[in-house]
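Geometric and topological summary
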Amino acid sequence: MVIDDSNTIRRSAEIFLVQAGCEVVLAEDGFDALAKIADLQPSVIFCDIMMPRLDGYQTCSLIKKNPRFKTTPVIMLSSKDGLFDRARGRMVGSDQYLTKPFTKESLLQTVATFAGPAANSNP
């Protein structure tokens, strides 16, 4: 799953992941994502930090507080690369932090790290 309020980022990630054989679910913001996560149970979640309504930190925290999804990897996406931003991501339970703009290789490496072969069968 890719959660980002930028259509460009969502589509770029989708193209990279689909080309690698992954199923991809897109969400525009945290509220949109939370509604889809319960139904679709993605194996990896990429989550932008700066989003309207519900930011990435809040979204990650809500995902990780749900017993069904506390082990689901959440990777924060941000154009910010500061130590504070990374630490805050860890505090809410994120598993990794990718800086935008990400490369196809960094995205696919992250999926391979956290989902392995399961990435091909789940969003």
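Just so it is clear, the model here is predicted, and its values are computed rather than measured.

1. A word on the environment of Ile37
- In this fold, Ile37 is placed in helix α2 (residues 30-40).
- Put simply, Ile37 and Met1 are 36 residues apart on the chain and 8.3 Å apart in space, counted from C-alpha to C-alpha.
- Those residues in contact with Ile37 that lie beyond four places of it in its chain are Met1, Pro42, Ile45, Ile63 and Phe69.

2. Focus: the sheet that holds strand β5 (residues 96-99)
- One open sheet accounts for 5 strands, arranged β2-β1-β3-β4-β5; its pairing is parallel. Two strands bound the open sheet, and with one partner strand each, they are β2 (26-27) and β5.

3. Looking at the pairing of strand β3 (residues 45-48)
- Residue alternation in β3 divides its side chains into two sets, Ile45 and Cys47 and Phe46 and Asp48, and both sets are buried.
- Between the parallel elements β3 and strand β4 (residues 74-78), the chain passes through helix α3 (residues 56-65) in a crossover that is right-handed.

4. Some points on the packing of helix α1 (residues 7-19) against helix α5 (residues 104-114)
- One way to put it is that α1 packs onto α5 with a least axis distance of 10 Å and a crossing angle of 60°. In terms of orientation, α1 lies oblique with respect to α5. For the crossing formed where α1 meets α5, the hand is right-handed. Together, Ala13, Phe16, Leu17 and Gln19 of α1 and Lys104, Leu107, Leu108 and Val111 of α5 make up the contact between the two elements.
- Of the residues belonging to the contact of α1 with α5, the class tally is 6 nonpolar, 1 polar and 1 charged.

5. A few points about unusual backbone geometry
- Following Lys100, the chain continues into Pro101 via a peptide bond in cis, with omega recorded as 0°.
- Considering the arrangement of structural elements, one finds Pro101 in the loop between β5 and α5.
- Unlike most non-glycine residues, Gln41 shows phi in positive territory, near 45°.
- In the Ramachandran plot, Arg53 falls in the positive-phi region, its phi being about 70° despite a non-glycine side chain.
- Relative to the helices and strands, Arg53 resides in the loop between β3 and α3.
- Exposure remark for Arg53: the relative accessible area of 59% places this residue in the exposed category.

6. Here we look at the nonpolar core
- With 18 residues, the main nonpolar core has Met1, Ile3, Ile37, Ile45, Val74 and Met76 as its most contacted residues.
- Listing elements by their share of this core, those giving two or more residues are α2, β3, α3 and β4.
- Formed by 16 residues, the second largest nonpolar core is a distinct cluster that contains Leu17, Val44, Phe102 and Ala115.

7. Examining the side chain of Thr110
- Secondary-structure assignment places Thr110 in helix α5.
- Residue contacts for Thr110: discarding those within four places in its chain leaves Phe46, Ile75, Gln96 and Leu98.

How each quantity is defined
Residues numbered from 1 in each chain as written. Predicted model: local features only at pLDDT ≥ 70, side-chain atom pairs only at ≥ 80, totals over all residues. Heavy atoms only, no water. Helix = DSSP H or I, 4+ residues; strand = E, 2+ residues; numbered from the N terminus. Contact = heavy atoms within 4.5 Å. Pairing = 2+ DSSP bridges. Buried < 20%, exposed > 50% of the residue type's maximum accessible area, 1.4 Å probe, protein only. Right-handed = clockwise from strand over helix to strand, strands pointing away. Axes fitted to C-alpha atoms, helices over the stretch in contact; angles between N-to-C directions. Parallel < 35°, antiparallel > 145°, perpendicular 65-115°, else oblique. Left-handed = near helix turned anticlockwise from the far one by under 90°. Nonpolar A, V, L, I, M, F, W, Y, C, P; charged D, E, K, R; others polar. Core = buried A, V, L, I, M, F, W, Y, C linked by side-chain atoms within 4.5 Å.

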